[in-house]
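Structural characterization, general
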Amino acid sequence: MKGIFYILLLPIALLSSCDDIDERIYPVVGVYRAHVLGVAGPFDLIVSTDRGDNILIEAPFDGFEWFIVRADIDNQDQSVMEIDIPAQDVGGGIRISGDGFYHDGTVELSYTVDYGGGKERFKLIGTRL
């Protein structure tokens with residue numbers, strides 16, 4: 001009896017766990033010419049889809065070390081989409097968190113990088129290529 005239950009439960013779990021990409025975030029996805037204000041640039045910032053309304057952002061967030069950061073897109077139906085970067089470890093004891101927006105081919109992110117011994121605030125601005 002348990003075997004039949006698990007055989008029926010497995011396909012249901014697999015189908016319900018799939019999370020399609022929200023097509024409304026496609027305008028944000030791409031390559032941007034970007035600068036970390038007062039620190040570094042220009043460089044190519046890469047934004048790709050993750051799942052649902054989540055994206056992955058690859059950039060030198062502190063101006064030197066390249067990290068991949070997860071972010072969430074809100075207000076997909078608006079001309080200005082909000083970007084939320086939840087607090088996350090990016091490696092080597094470094095944490096990052098912040099927010100920003102996307103509008104008409106431009107992305108702006110304001111975030112804090114916590115090195116464990118100190119925090120620094122940065123602003124990154126990029127224009128889609």
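Residues numbered from 1 in each chain as written. Predicted model: local features only at pLDDT ≥ 70, side-chain atom pairs only at ≥ 80, totals over all residues. Heavy atoms only, no water.

**Thoughts on the overall build of the chain**
Just so we agree on the cut-off: Segments assigned H or I by DSSP are reported as helices when at least four residues long, segments assigned E as strands when at least two residues long, and all are numbered from the N terminus. Note on contacts: a residue pair is in contact if any heavy atoms of the two residues lie within 4.5 Å. Surface exposure here means Shrake-Rupley accessible area, sampled with a 1.4 Å probe, where a residue is shielded only by the protein chains that are shown.
A tally of regular secondary structure across the chain gives one helix and eight strands. Partitioning the contacts of the chain with sequence separation of at least 6, the portion at a separation of at least 24 is 32%. By element, 55% of the accessible surface of the chain is carried by carbon and sulfur atoms, the whole surface being about 7700 Å².

**Observations concerning the side chain of Glu 108**
Rule in force here: Here a polar contact means two N or O atoms within 3.5 Å. Within protein one must be a hydrogen donor candidate and the other an acceptor candidate, and residues neighboring in sequence count only if both atoms are side-chain atoms.
Inspection of the secondary structure assignment puts Glu 108 in strand S7 (residues 106-114). Here the side chain of Glu 108 touches Lys 123 through a polar contact of 3.3 Å, side chain to side chain.

**Notes on the packing of aromatic side chains**
Filter applied, for reference: When two rings of Phe, Tyr or Trp (its six-membered ring) have centres within 6.5 Å they constitute a pair, described as stacked for plane angles under 30 degrees, edge-to-face for angles over 60, and tilted for the intermediate range. Only protein chains enter the accessibility calculation, which uses a 1.4 Å probe. A residue is then buried if its area is under 20% of the maximum for its type, exposed if over 50%, and partly exposed in between.
Summed over the entire model, instances satisfying the criterion amount to three aromatic pairs. Where Phe 43 meets Trp 66, the ring centres are 5.9 Å apart and the plane angle is 75°; that geometry is what we call edge-to-face. Of the two residues, Phe 43 sits in strand S2 (residues 40-49) while Trp 66 sits in the loop between strand S3 (54-59) and strand S4 (67-74), which places them 23 residues apart along the sequence. A relative accessible area of 9% means that Phe 43 is categorised as buried. Ring centres of Tyr 111 and Phe 122 lie 5.9 Å apart, and the angle between their planes is 25°; on these two criteria the pair is classed as stacked. Of the two residues, Tyr 111 sits in strand S7 while Phe 122 sits in strand S8 (residues 119-128), which places them eleven residues apart along the sequence.

**Notes on the pairing of strand S1 (residues 30-36)**
Selection rule: Think of it this way: DSSP has to see at least two bridges between two strands before they count as a pair.
Here six bridges tie S1 to S2, and the two strands are oriented antiparallel to one another. Pairing of Gly 30 across the sheet is with Val 47, part of S2. The turn joining S1 and S2, which pair antiparallel and follow one another in sequence, is formed by three residues; a positive phi near 75° is taken by Gly 38.

**Thoughts on the sheet that holds S4**
We count it as follows: Throughout, an axis means a line fitted to C-alpha atoms (over the contacting stretch in the case of helices), and angles, computed between N-to-C directions, take values from 0 to 180 degrees.
The strand order around the closed barrel built from eight strands is S1-S2-S3-S4-S5-S6-S7-S8, with neighbouring strands paired in antiparallel fashion. Geometrically, the sheet is characterised by an average inter-axis angle of 30° between neighbouring strands, direction not taken into account. Bridge count for S7 against S8 is nine bridges, and the pairing is antiparallel. Across the sheet, the residue bridging to Tyr 111 is Phe 122, located in S8.

**Quick notes on a nonpolar patch on the surface**
Condition: Residues qualify for a patch when their relative accessible area is over 30% and they have no salt bridge, like charges being joined within 9 Å and the nonpolar side chains of Val, Leu, Ile, Met, Phe, Trp and Tyr within 5 Å. The rule for a salt bridge is simple: a side-chain nitrogen of Lys or Arg has to be within 4 Å of a carboxyl oxygen of Asp or Glu.
A surface patch of nonpolar side chains, amounting to about 250 Å² of accessible area, comprises Val 31, Ile 46 and Leu 129. Looking at where Leu 129 falls in the secondary structure, it is placed in the segment after S8. With a relative accessible area of 61%, Leu 129 lands in the exposed category.

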